[in-house]
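# Working through the structure, step by step
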Amino acid sequence: MARTVYKSATAYQLSAFRRYPGLTVIAVVLALLASLLTTLASWVLGDAIDALQFSADNNLGMTPEFIGYCWLILGIALLLFVTIIVVGYAFAIMTLRWERDARQEFFEVIQRNSMTFHDQVDSKQMLAVAMQDIRWVRFSLNPALRNIITSIGSLIIASVLLALIDFQYGLFPVLGIIVAIGAPLYLFLAYRYAVAVEPVRRTRSEQNEKLTEITQEVFRGVEVVRAFGTERFESEKFTKVSKEYERLMTREGRLAAFYLPNLVLTATTAAAFLYCANQVLTGVFTVGTLVKAMALLGSLDAFSFMLPRFLLVIRGGHVNAQRIVDILAWKDPLKEPSESVKTIDWNGDIIFENVSFSYGSDAPNALKKLNLTIPAGSRVALIGGPGGGKSTILKLLLRLYDPTEGRVLVGGVNLRDVSTRNVRDAVGLVEQNIFLFKMSVHDNIAFGKQDAADDEIFEAAAKAQATEFINELPKGFETVIGERGMTLSGGQRQRLAIARTLLQDPRILLLDDSVSAIDVHTEYLLRKALEEVMRGRTSITVTQRLRTLLEVDLIIIVDKGSIVATGTHDQLIKTSEHYQHIFERLPGAVSYTGTKNSGGAN
Amino acid sequence: MAGHRGPGSLAGVREKRSRSMRVLLRAMFKHLGKFKRIIAIAAVLSVLASIFMAVDPLVLSWGVDLVLDPSSAFSAILLLCVLYLVLKLTSWILGSLNTWILSGAQAGFVQSLQQSVYDKLLRADLSYHKAQKSGDVTSRVISDTDSLSAGIQIIIDLSSQILLLVATFILMWLTSPLVALTALLVVPVVLLIVVLFGTVGQRIMLATQRAIGIVSGQIAESLSGVHIAKAFNRESETAATLSKLNQEAYRHGFKFMMLMTLMQPLVRATGIAAMSAVLFVGGGLAVGAASTLTLGQVFLGTILIQRFFMPLLSLSMNATQFQASLASMDRLMDVLETEPTVRDALDAVPLSENSDGVVFRNVSFSYLEGSEVLRNINFTIAPGETVAVVGHTGAGKTTIAALINRFYDPQSGQILIGNQDMKSITRESLHNTVSLIAQEPYLFNGTVMENIRYGKPSATDEEIKTLSRLMGADEYIEVLPQGYDTLLFEEGKNLSAGQIQMISIARTMLANPRILILDEATSRLDAYSESLVQSAQEKLFAGRTTVVIAHRLTTIANASRILVFEHGKLLEHGTHTELLAKGGRYKVLYDTYYHHQTAGEITEEAVARARDELRKIGSQASV
Ligand SMILES: Nc1ncnc2c1ncn2[C@@H]1O[C@H](COP(=O)(O)OP(=O)(O)OP(=O)(O)O)[C@@H](O)[C@H]1O
Ligand SMILES: Nc1ncnc2c1ncn2[C@@H]1O[C@H](COP(=O)(O)OP(=O)(O)O)[C@@H](O)[C@H]1O
Ligand SMILES: [Mg+2]
Ligand SMILES: [Mg+2]
């Protein structure tokens, strides 16, 4: 799907109509017709009053014209009914479809953005944009724009009709002048109100977001609050934010008081009344004309407060649209190659050549000029201190990011020249912080491979040593995992994630501290199963377990983004002081070396 | 009164309220608290405003009659005009004053309600929080309070709307009973609208909300798991799933929108049609031999009909919103009226300075009735002792930690700190004395510095840095973009797992508790960093009561005694040597551990070599 580029927020807002030009024209014309009909009813009312005389023509005692006018008004009502429904239907089609597609488009675009994007943004905020912001843009089109068209249409048509009254009598257009002063003044004041309210409303809704955020945060971490007994502190923090929210809410509410446009309308009505009444007294106007004028002005009353409200929504929608357009325009540093290299020996050597990487432009390098060769088919252990760059190395191999500098080569091919799809088909990662979906155990494992057969899924679970505990779950493989997979223990989650990756049957397997919560016995069985699976393939394991270090073909020690040492256990224990330090402290090392661990378990 | 049931009840899908309307209304009134007076004033203003509003059409109609009489003077018209202006101005001022006063009162009311709900929830039982879906608690604090305030607004509007309605009807009746009766023609339309919205409308609305909720949940989930979708090349499937849900939401949304769209023309067309009817009836009365109406009155009728229709409509539409407000009040009362089961006793005393050590006496505990997680646990941890708790996952280790923190109260048995029963001391003093490093580290949004300081708000930057240095956390924090000032967000997703754990350890160590509990606190650290943390702990917490929970047996290296748990039972306890000698469960655990970790392929030779190398370093280090 080609990516639509929106030139501006307005273009984004209006893209709803661009797709249906014909329907748009019809809708707008009919919307104006609705305004005309509304005002016309007032006009006919005046004519009816003039026609209201005794007549012996029929047993009702009213002139046929009068009765005709009554019917006419009823007809107008019916026509109005139909018109507005058609307008509403047209707008609903255009804007709701737009909302649906805009939401889908937004999601697909940000989903396709590389992890660099997702690192920078708050996912809750993105959700809010996808749901609320897009809805507000839609509100700005329907009902806001739809109603604005009708309201302004009514205002203009009523003004013209009022001016027409003098014209009818061939008089100097006093009514026209009254309206010509009143209407713009009215619009101006309404607009000014909208402009004054907008920033307040925006800060208020930002403050509301903040309030939601701190509330969410505190209750997610309620155990921490409890453990440190910081209830009072948190309460005070909340008070500060909610008091500010109160202040803004008050301000916004108060701006609506003393709403001047209403006074303008009143003054205009009074002036028109005075003028018309005088004309009636002097015998120029009929009384129907007076009624006509009053009814026209009265019909505007209904729009009076709606107008600024909708103006506000339109302006607000524009701000939201801007935010969305900006997000959609994000430039991804990770580019797909125009043509992906097809023949790659995934079993070849993995080479990091002068690789530097940073997670963001202002972040320091997580990897610094890294040079590394992993021979084909070897089993590798990656160890090192917190934040050393182990997970980062694995993520680069999955091409979740591209190196900022240098190259990552597999079988002699630069990963940049391979599409992410191909890379991720061949490379499998079990991530450090396991994420499981709110789906059944079965579906979670099945996520690893498209159209996986049930047998394959059971097999993967068995290899991951997960079958036993899955069968003990209330509904076995059909058990749905709760929010963020919280109802499973850490070790259980890790095993499901391993099953998911095994199902994928990757050529290169990356395990990021994936057995840390699995008990030693299960881990032993798991290791045996993995050996089987990974025979002849390259695997890299981040681990804290001694046994793994002893078994692998290559140990790589990273610290603060640089390689400290590489080699086998036998080599490193001789040559690397760093490794000696680590090894000495590894669980189990003590009993075999006889050196006393700090403290000692006795 | 039919209105009592409201349109929602017709739909049969309304959320069930657990309290009667009377109880809820009384509670609403009670919670108005200090805002009662000001809201009463606002209500009076609003009533006054609507009185003035009700009569201004009268002036216009007098005007029409006046001009029909050729003997009228212009000054009379001028007078009417002024009267009209005064009436309008007065109702404008009164209405504005009402808005002005009410805005403040309403915002204040919302704030005070939010605060009390928030405070209540902060102190609610952890079991309550565990049972809540994420987002539910937040909507109690944010949306329900807001909806309640809308309910208050409705109650205030109610009086003025009823007044306007009644006044208008009386005016119409005085003008002409027949006109007034004609006006009643709109009642069926209003009923139609109410029923339509109450039944079909409610249902469509709920279905729409549900469908949108599902879309939102799907997007939320897909965004949190976006790295997984990428890793497994499943983006297009995820998009397709969303597309289906999105289409579903559109379908419902479209129906709802059409219903809303139907409402507007119905209202406007009815208004105009009613005007035509009144005109016709009024016209009939105005002409003819026994002319009972003036032209002005006919005109009045056409204005009044609008004034009658609108309040009637909004009054009935408000009923739906009001039901929603009552439901919110109901949910809020659930929160506000529940007393936490874990709370300070009335005569609770602060933990005394020299109470130390932990005693479990016949403690049994279950999270959910029927499945005991801890069974009759007895142990004593002497003041200053370091004790390890080991066992498989699910053995109940974390539960022990939770009980010592009094997150829950055991169903039976007693827990003592020193010789004070935990239930007799204030929780504040308990939490100042006991600190926990939790298994799942949770960091707040904010800088690294702020997060560590959470353990001790008065700590200076220097103090925090010194501690971090001692723990070996310093160098891992300094590599972050802004060092200690790096902003963490979304639970620290911009940090490595080990860094998060380091910060959470530093936070607790800073609190400097008398009793320290570590629940798998170093599981995400490599052996070297773990050893740094351990030696920091030794230095800082030497001689303090410490409980170390771990399944990695080296983590418990410093413990003097070991408690072995299995399936919620304390199987054995003693020193490492004692337990090994005993040959029980611990020995099995220990043996499997070392068996699977090292045995087999390591030759004696390799061991000897390693030992030699390590000796060398050892001697170097000690120089
Ligand atoms: N998503 C991210 N955004 C910004 N910085 C990050 C992100 N992930 C990691 N970092 C930073 O990059 C550096 C390397 O992190 P990495 O996760 O690779 O460490 P690690 O070796 O896996 O550590 P651990 O053993 O704690 O898991 C750290 O300084 C970390 O703070
Ligand atoms: N909040 C909870 N609600 C219900 N059951 C729980 C809760 N937390 C833990 N459990 C259950 O209690 C038992 C003990 O869990 P836990 O104390 O976390 O064990 P450990 O820390 O030893 O792994 C397990 O069976 C677990 O499923
Ligand atoms: Mg990592
Ligand atoms: Mg635990």
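Scanning chain B from terminus to terminus reveals 21 helices and twelve strands. Taken over C-alpha atoms, the radius of gyration comes to 37 Å for chain B, far larger than the 25 Å a tight globule of 623 residues would show. Overall, chain B is about 130 × 60 × 50 Å in size when its C-alpha atoms are taken along their principal axes. Taking all 623 residues of chain B together, 56% fall into the buried category. Residue pairs in contact within chain B that sit at least 24 positions apart in sequence constitute 76% of those at least 6 positions apart. Summed over all atoms, the accessible surface of chain B reaches about 25500 Å², with 61% contributed by carbon and sulfur. Each charge class in chain B was averaged separately, 54 positive and 53 negative side chains, and the resulting centres sit 7 Å apart.

Attention shifts here to the interface of chain B and chain A. Between chain B and chain A, the contact holds 169 residues from the first and 186 residues from the second. Our enumeration of links across chain B and chain A arrives at four salt bridges. A salt bridge links A:Arg220 to B:Glu491, with the nearest nitrogen and oxygen atoms 2.5 Å apart. Remark: the boundary between chain B and chain A carries 42 residue pairs in polar contact (both at pLDDT 80 or more). Examining the composition of the side of chain B that touches chain A, we find that 30 residues originate from one element, helix 10 (residues 235-286) of chain B, more than from any other. When grouped by side-chain class, the residues that make up the side of chain B that touches chain A number 83 nonpolar, 58 polar and 28 charged.

This part covers the coordination of the magnesium ion (ligand 4). Residue and element names in this part refer to chain B. Every protein donor of the magnesium ion (ligand 4) is listed here as Thr 398 (OG1) and Gln 439 (OE1), and their distances to the metal cover 2.0 to 2.2 Å. In this pair, Thr 398 is assigned in helix 12 (residues 397-404) and Gln 439 in the loop between strand 6 (434-437) and strand 7 (446-447), connecting sequence segments 41 residues apart. Under the relative-accessibility criterion, Gln 439 is labelled partly exposed at 32%.

To continue, consider the site of ligand 2. All names here are of chain B. Around ligand 2, the neighbouring residues are Lys 130, Tyr 367, Val 373, His 392, Thr 393, Gly 394, Ala 395, Gly 396, Lys 397, Thr 398 and Thr 399. The contact in question runs from an oxygen atom of ligand 2 to an N or O atom on the backbone of Ala 395, over 3.3 Å. Its residues placed into classes, the shell around ligand 2 shows three nonpolar, six polar and two charged.

The pairing of strands in a sheet happens through backbone hydrogen bonds and is either parallel or antiparallel. Residues and elements named next belong to chain A. Taken in spatial order, the four strands of this open sheet run 2-1-4-5, and their pairing is antiparallel. The two strands at the open ends of the sheet, each matched to only one other strand, are strand 2 (367-374) and strand 5 (413-414). Direction of pairing for strand 1 (residues 350-357) relative to strand 4 (residues 405-410): antiparallel, over a ladder of five bridges. Bridging from a neighbouring strand, Glu 353 pairs with Arg 407 of strand 4. Strands strand 1, strand 2 and strand 4 of the sheet are contacted by helix 12 (residues 390-397), whose axis makes an angle of about 115° with strand 1.

So, about helix 5 (residues 123-168) of chain A. Residue and element names in this part refer to chain A. In a regular helix each residue adds 1.5 Å, so 46 residues correspond to 68 Å; helix 5 covers 64 Å between its end C-alpha atoms and thus fits that length. The largest bend in helix 5 is about 40°, located at Ala 144. Where helix 5 starts, the residue carrying a side-chain oxygen 2.9 Å from the main-chain nitrogen of Lys 124 turns out to be Asp 122. Looking one or two residues past helix 5, Gly 170 carries a phi angle of roughly 65°, positive in sign.

We now examine the sheet that holds strand 2 (residues 374-381) of chain B. Residue and element names in this part refer to chain B. Read from one edge to the other, the open sheet built from four strands follows the order 2-1-4-5, with strand pairing classed as antiparallel. Of all strands in the sheet, those with a lone pairing partner are strand 2 and strand 5 (420-421), marking the two edges. Looking at chain direction, strand 4 (residues 412-417) and strand 5 are connected through two bridges and run antiparallel. Within strand 5, the position partnered with Ile 417 by the bridge is Gln 420. Relative to strand 1 (residues 358-365), helix 12 is tilted by about 115°, and along the sheet it contacts strand 1, strand 2 and strand 4.

The next thing to look at is the pattern of salt bridges. Any two side chains of opposite charge can pair if their charged atoms end up close together. For the structure shown, the criterion picks out 52 salt bridges over all chains. As a salt-bridge pair, A:Glu231 and A:Arg226 come within 3.1 Å of each other at their nearest N and O atoms. Overall, A:Glu231 belongs to the buried group, its relative accessible area being 10%. For A:Arg226, a relative accessible area of 2% puts it in the buried group. We note a salt bridge from B:Arg524 to B:Glu440, for which the minimum N-O separation is 3.9 Å. Within this pair, whereas B:Arg524 is found in the loop between strand 9 (515-519) and helix 18 (527-541), its partner B:Glu440 is found in the loop between strand 6 and strand 7, the two being separated by 84 residues in sequence. For B:Arg524, a relative accessible area of 24% puts it in the partly exposed group. Here the salt bridges share partners, and the residues they tie into one network are B:Arg19, B:Asp330, B:Asp334 and B:Glu337.

A surface patch of nonpolar side chains, about 400 Å² in accessible area, is lined by A:Phe258, B:Leu89, B:Ile93, B:Leu97 and B:Trp100. Residue position: B:Leu89 is located in helix 4 (residues 74-122).

Moving on, we come to the site of ligand 1. Every one of the 21 residues lining ligand 1 counts as a neighbour, but A:Lys390, A:Ser391, A:Thr392, B:Ser496 and B:Gly498 are closest to it. Near ligand 1, the surrounding residues belong to chains A and B. In this structure, A:Gly387 approaches ligand 1 through a main-chain N or O atom, which is 2.9 Å from an oxygen atom. Partitioning the shell around ligand 1 into residue classes produces seven nonpolar, eleven polar and three charged.

Annotation of chain B at the domain level lists domain 1 (10-336) and domain 2 (358-441 + 513-622). A C-alpha centroid distance of 61 Å is found between domain 1 of chain B and domain 2 of chain B.

With that settled, consider the coordination of the magnesium ion (ligand 3). Surrounding the magnesium ion (ligand 3) are the protein donor atoms A:Ser391 (OG) and A:Gln432 (OE1), at 1.9 to 2.1 Å. Note that A:Ser391 is positioned in helix 12 and A:Gln432 in the loop between strand 6 (427-430) and helix 14 (441-446), a separation of 41 residues in sequence.

This part covers unusual backbone geometry. Put simply, A:Asn142 and A:Pro143 share a cis peptide bond, and its omega is 15°. Inspection of the secondary structure assignment puts A:Pro143 in helix 5.

Before going further, it helps to examine the environment of B:Asn233. Turning to its location among the elements, B:Asn233 is positioned in the loop between helix 9 (226-231) and helix 10. Once you skip the residues sitting within four places of it in the chain, B:Asn233 turns out to touch A:Thr420, A:Arg421, A:Arg424 and A:Asp425. A polar contact of 3.1 Å, which involves the side chain of B:Asn233, links it to the side chain of A:Asp425.

Conventions we followed
- Residue numbers here run from 1 along each chain, matching the order of that chain's written sequence.
- By the order in which they are written, chains take letters starting at A while ligands take numbers starting at 1.
- For a predicted model such as this one, the threshold for reporting local features is a pLDDT of at least 70, and the threshold for listing and counting side-chain atom pairs is 80 or more; totals across whole chains, interfaces and linings nevertheless cover every residue.
- Excluding hydrogens and water, the side-chain values take into account all heavy atoms of the structure.
- Helix and strand assignments come from DSSP, with helices taken as H or I runs of at least 4 residues and strands as E runs of at least 2, each series counted from the N terminus.
- Radius of gyration here uses only the C-alpha atoms, and the compact-globule reference equals 2.2 Å multiplied by the residue count raised to the power 0.38.
- Accessibility here uses a 1.4 Å probe with only protein chains present; expressed as a share of the type maximum, an area under 20% marks a residue as buried, one over 50% as exposed, and anything in between as partly exposed.
- Contacts between residues were defined by any pair of non-hydrogen atoms, one from each residue, lying within 4.5 Å.
- We get accessible surface area from the Shrake-Rupley algorithm with a probe of 1.4 Å; when it comes to residues, only the shown protein chains can shield them.
- Under this rule, positive means Lys or Arg and negative means Asp or Glu; His and the chain ends count for nothing.
- Charge positions come from single atoms, namely NZ of Lys, CZ of Arg, CG of Asp or CD of Glu.
- Salt bridges are identified by distance alone: a Lys or Arg side-chain nitrogen within 4 Å of an Asp or Glu carboxyl oxygen.
- N or O atoms within 3.5 Å of each other form a polar contact, as long as, within protein, one can give a hydrogen and the other can take it, and as long as residues adjacent in sequence are counted only when both atoms are side-chain atoms.
- Each residue is assigned to one class: nonpolar for Ala, Val, Leu, Ile, Met, Phe, Trp, Tyr, Cys and Pro, charged for Asp, Glu, Lys and Arg, and polar for all the others, Gly among them.
- Each metal's donors are the N, O and S atoms within 2.8 Å of it, or within 3.2 Å when it is Na, K or Ca, and because water is not part of the set, sites may look incomplete.
- Here a residue is near a molecule or strand as soon as one of its heavy atoms is found within 4 Å of it.
- Following DSSP output, two strands are said to pair if at least two bridges run between them.
- Axis geometry follows a simple rule: fit a line to the C-alpha atoms, using only the stretch in contact for helices, then measure angles between N-to-C directions, giving values from 0 to 180 degrees.
- Under the convention used throughout, the expected extent of a helix is 1.5 Å for every residue step, that is, one less than its residue count.
- A residue's bend is simply the angle between two axes: one fitted to the seven residues ending at it, one to the seven starting at it.
- Nonpolar side chains (Val, Leu, Ile, Met, Phe, Trp, Tyr) are joined into patches within 5 Å and like charges within 9 Å, using only residues with over 30% relative accessible area and no salt bridge.
- A domain assignment, automatic or from a database, supplies the domain bounds used here.

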